[in-house]
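The lines below spell out each chain.
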Amino acid sequence: MAKKTFVGGVHPYEGKEFTEKKAIEKLPLPQRVAIPLQQHIGAPAKALVEKGQEVKAGEKIAEASGFVSVPIHSSISGKVKGIEKVNHPVSGRGEAIVIESDGEDNWVETIRFEENYLELDSKEMLERIKDAGIAGLGGATFPTHVKLSPPPDKKIDTVILNGAECEPYLTADHRLMLEHADDIVAGLRIIMKILNVQQGIIGIEDNKPDAIEVMRKAVKDFNNIQVYVFPVKYPQGAEKQMIKAALNREVPSGGLPMDVGVVVQNVGTAKAMYEAVAYHKPLTHRVVTVTGAAVNEPKNVLVPIGTMFEDVVAFCGGMKESAGKIVMGGPMMGLAQPNLQVPVVKGTSGILILEEHEAHVPAEDPCIACGRCVEVCPMHLLPTTLQILVEHENYTEAERLHIMDCIECGSCSYICPSNRRLVQGIRLGKRKILEARRKAG
Ligand code: SF4
Ligand code: SF4
């Protein structure tokens, strides 16, 4: 039987072989962390600590400054050196709480296992998730408690856990499924309870047969949870594409998964939710895939949030002289970084270091109207037309052609024989439209 999928998409080089067989290793305690106040979509957190203050690992050091915001916790124990402007992997520059380690790794005493966690009421579960500072670990970093609080008129009937990890090179979710399958399933059951949902699906691409087997074993006692296998195709892990492939439901233009009765969460986020609800454990660490031909020893590493890329890459044997480009995330949706002096944030799924020759960006040629970008666009957009409209600052027409539905997957740019900077142009257009909307109030 043909496996379920979506229309469009591309097949870039997978690059998973660098790290897919590497078990997660714990990074030795860093000497210093710089924990940014903005690590999630929404309002930045507000610092609760001051220079000179001693903190423990797991201690809340910044509070949420609104409903669409999350608190931040220290990932090490030590002394606050100050609140400083540091490099930020997403915004370029931002405020961070800088903490120097005491070399002890002392944790708050509140982290403890509660046997009956599944008997807690949904409100208490949600409260613990909110207090733990969890934001989508797949890279989107949307506050998880907000996603789990749909308005009463949106009836959710299915939760999908996203284990596709379709972005090339990244293997953090793959390893989490192999090494922490039961915790992930426990997280899924918590989400299903919060949303009062009877159907749970775990979606995995068929390039991870070992993870499929392990997850199938982990769900065998739960009749309402199934593992779905999807063919390898980028961007299979995008929310709307996963919903289409799993349930044949189409999220409407401008809509959200909840409009078709679905909530999608990443497998790593589910594990973090389990730890928050069952252990009162805040989100202080994440698994980062450190990979690429220019890394000496590619690995999957459990990293305290706020650790500099430099320290994480040093643990992986450092960079080769042939290094040409540093990316946070994968090659399709990742963000290029000027150097390794940037901290790991909640959305850092990977640190990819490409060799000089791989990083070379060919010159743009004129569009030859081949239509390939249109064929591969998973959102059924007209990438070349949208790019031209943005170039001409015709944002009204671009909006009419649904530019805001672009998920910035980069499939159009990847396939274009003329190397048109399609996704870059579209991203710029979306930013201009959002700025104009904000100004108009
Ligand atoms: S237009 Fe947007 S959604 Fe479509 S392929 Fe390009 S980046 Fe992806
Ligand atoms: S893929 Fe490139 S060359 Fe082909 S139509 Fe799209 S923009 Fe033009």
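Every value quoted in this text rests on a predicted model; they were computed, and no experiment measured them. (Residues numbered from 1 in each chain as written. Chains lettered and ligands numbered in written order. Predicted model: local features only at pLDDT ≥ 70, side-chain atom pairs only at ≥ 80, totals over all residues. Heavy atoms only, no water.)

A few points about the site of ligand 2
Then, number 1: Neighbouring ligand 2 are the residues Cys367, Ile368, Ala369, Cys370, Gly371, Cys373, Thr384, Cys416, Pro417, Ser418, Arg420 and Leu422.
Then, number 2: When the residues that make up the shell around ligand 2 are grouped by side-chain class, the tally is 8 nonpolar, 3 polar and 1 charged. (Near = heavy atom within 4 Å. Nonpolar A, V, L, I, M, F, W, Y, C, P; charged D, E, K, R; others polar.)

Examining the domain arrangement of the protein chain
Then, number 1: By domain assignment, the protein chain separates into domain 1 (27-101 + 282-358), domain 2 (113-279) and domain 3 (372-440).
Then, number 2: Just the C-alpha atoms count here: the centres of domain 1 and domain 2 sit 24 Å apart.
Then, number 3: Contacts between the two partners involve 29 residues from domain 1, matched on the other side by 25 residues from domain 2.
Then, number 4: Between domain 1 and domain 2 the total buried area reaches about 2,200 Å² when both faces are included, carbon and sulfur atoms providing 67% of it.
Then, number 5: When the buried surface of domain 1 facing domain 2 is broken down by residue, Ile41, Phe67 and Leu283 rank first, second and third, together holding 22% of it.
Then, number 6: Along the contact surface separating domain 1 from domain 2 lie 11 residue pairs in polar contact (both at pLDDT 80 or more).
Then, number 7: Contributing elements (two or more residues each) for the side of domain 1 that touches domain 2: β13 (285-291) and β17 (350-355).
Then, number 8: Ranked by residue count, the leading element in the side of domain 1 that touches domain 2 is β13, at 4 residues.
Then, number 9: Looking at side-chain class alone, the side of domain 1 that touches domain 2 contains 13 nonpolar, 13 polar and 3 charged residues. (Domains from an automatic or database assignment. Contact = heavy atoms within 4.5 Å. Buried area = accessible area lost by both parts, 1.4 Å probe. Polar contact = N/O pair within 3.5 Å; in protein donor to acceptor, adjacent residues only side chain to side chain. Helix = DSSP H or I, 4+ residues; strand = E, 2+ residues; numbered from the N terminus.)

Focus: helix α14 (residues 422-440)
Then, number 1: The first and last C-alpha atoms of α14 sit 27 Å apart over 19 residues, in line with the 27 Å expected at 1.5 Å per residue.
Then, number 2: Along α14, the residues classified as buried are Leu422, Val423, Gly425, Ile426, Gly429, Lys430 and Ile433. All buried residues of α14 lie within an arc of 160 degrees about the axis, which places them on one face of the element. Opposite the packed face of α14, turned more than 90 degrees from it, sit the exposed residues Arg438 and Lys439.
Then, number 3: Of the surrounding secondary structure, the elements contacted by the buried residues of α14 are α10 (372-376), α11 (383-391), α12 (395-400) and α13 (411-415).
Then, number 4: The first or second residue beyond α14 is Gly441, which carries a positive phi of 80 degrees. (Expected span 1.5 Å × (residues − 1). Buried < 20%, exposed > 50% of the residue type's maximum accessible area, 1.4 Å probe, protein only. Arc of directions from axis to C-beta.)

Observations regarding the pairing of strand β14 (residues 299-304)
Then, number 1: Counting buried residues along β14, 5 of its 6 residues qualify, which places the element largely inside the surrounding structure.
Then, number 2: Pairing of strand β1 (residues 25-26) with β14 involves 2 bridges; the strand directions are parallel. Its bridge partner lying in β14, Lys26 is registered against Leu302. (Pairing = 2+ DSSP bridges.)

Looking at the site of ligand 1
Then, number 1: Around ligand 1 lies a shell of 13 residues, among which Cys377, Cys406, Cys409, Gly410 and Cys412 are the nearest.
Then, number 2: For the shell around ligand 1, the class distribution of residues is 10 nonpolar, 2 polar and 1 charged.

Some words on the layout of surface pockets
Then, number 1: When its volume is computed, the second largest pocket comes out at roughly 950 Å³.
Then, number 2: What lines the second largest pocket is a set of 29 residues, among which Lys325, Pro331, Met332, Val361 and Tyr414 lie closest to the centre.
Then, number 3: For the lining of the second largest pocket, the secondary-structure elements that each account for two or more residues are β15 (323-328), β16 (335-337), β17, α9 (356-359), α13 and α14.
Then, number 4: The element contributing the most residues to the lining of the second largest pocket is α14, with 3 residues. (1 Å grid on protein atoms, 1.4 Å probe; cavity = no way out; pocket = protein on both sides within 12 Å on 5 of 7 lines; lining within 4 Å. Points joined across faces, edges and corners; volume = space filled by probe spheres on them.)

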